[in-house]
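# Inside the fold
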Amino acid sequence: PMILGGTSDGKVWFWNSTDGKSLGSILAHEKGVTSVGHNGERAISTGLDNKVRLWATPLASKSLPIPEKIVSSYLFADNKRLVTAHSDKVIRILN
């Protein structure tokens with residue numbers, strides 16, 4: 001199991017939730033991280049750079065540009081659907 005955290009300098013940090021040891025960090029976004037989450041198989045981060053990053057491990061697997069600031073996100077357990085909420089009060093569902 002893993003715990004994620006995002007910072008204002010664009011880094012996403014990964015920790016082992018069993019022993020609390022750091023698994024390291026990566027520079028995920030050009031600006032601050034706005035949200036992080038995971039469903040056990042994949043992780044997600046969103047940032048002030050208007051990008052959503054999907055992770056299979058602590059390594060980036062996909063980056064999606066988004067036109068508006070992302071304020072929240074949710075990755076479904078099936079790893080096929082992603083919901084993002086934006087500052088323009090729009091919710092987007094990505095497949």
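The present account deals with the structure reproduced in this document. Please read all numbers here as calculations on a predicted model, not as lab measurements.

Rules behind the numbers
- Residues numbered from 1 in each chain as written.
- Predicted model: local features only at pLDDT ≥ 70, side-chain atom pairs only at ≥ 80, totals over all residues.
- Heavy atoms only, no water.
- Salt bridge = Lys/Arg side-chain N within 4 Å of Asp/Glu carboxyl O.
- Helix = DSSP H or I, 4+ residues; strand = E, 2+ residues; numbered from the N terminus.
- Buried < 20%, exposed > 50% of the residue type's maximum accessible area, 1.4 Å probe, protein only.
- Pairing = 2+ DSSP bridges.
- Axes fitted to C-alpha atoms, helices over the stretch in contact; angles between N-to-C directions.
- Phe/Tyr/Trp six-rings, centres within 6.5 Å; stacked < 30°, edge-to-face > 60°.
- Contact = heavy atoms within 4.5 Å.
- Core = buried A, V, L, I, M, F, W, Y, C linked by side-chain atoms within 4.5 Å.

### Remarks on the pattern of salt bridges
Enumeration according to the criterion identifies 1 salt bridge in this entry. The shortest N-O distance in the salt bridge between Lys51 and Glu30 comes to 3.6 Å. Remark: Glu30 occurs in the loop between strand 3 (22-27) and strand 4 (33-38) and Lys51 occurs in strand 6 (residues 51-55); sequence separation between them is 21 residues. Judged by its relative accessible area of 26%, Lys51 falls in the partly exposed class. A residue is classified by how much of its surface remains accessible, and Glu30, at 66% relative accessible area, is exposed.

### As for the sheet that holds strand 1 (residues 2-6)
On the basis of which strands lie adjacent, the open sheet formed by 3 strands has the order 1-2-3 and antiparallel pairing. Where the open sheet ends on each side, the last strands, each with one partner, are strand 1 and strand 3. Between one strand and the next, the sheet's axes are offset by a mean angle of 20 degrees, whatever the strand orientation. Both strand 1 and strand 2 (residues 11-16) contribute to a ladder of 5 bridges, which runs antiparallel. Residue pairing across strands places Ile3 opposite Trp15, the latter belonging to strand 2.

### Some words on the packing of aromatic side chains
According to the stated counting rule, one finds 1 aromatic pair in the structure shown. For the pair Trp13 and Trp15, a centre-to-centre distance of 6.4 Å together with 20 degrees between the ring planes defines the contact as stacked. Of the residues examined, Trp13 reaches a relative accessible area of 29% and is grouped as partly exposed.

### Overview of the environment of Ala77
Looking at where Ala77 falls in the secondary structure, it is placed in the loop between strand 8 (70-75) and strand 9 (82-86). Spatially, the C-alpha atoms of Ala77 and Asn39 are 5.7 Å apart, while their sequence positions differ by 38 residues.

### Overview of the environment of Asp9
Looking at the element boundaries, Asp9 is found in the loop between strand 1 and strand 2. The partly exposed category is assigned to Asp9, whose relative accessible area is 43%. Sequence separation of Asp9 and Glu30 is 21 residues, and the distance between their C-alpha atoms is 7.8 Å. Ignoring any residue separated from it by four or fewer positions in sequence, one finds Asp9 in contact with Leu27, His29 and Lys31.

### Side note on the nonpolar core
With 7 residues, the main nonpolar core is built from Leu4, Val12, Phe14, Ala28, Val33, Ala43 and Trp55. The next biggest cluster of nonpolar side chains, apart from the first, holds 6 residues, and it includes Ile44, Val52, Ile70 and Leu75.

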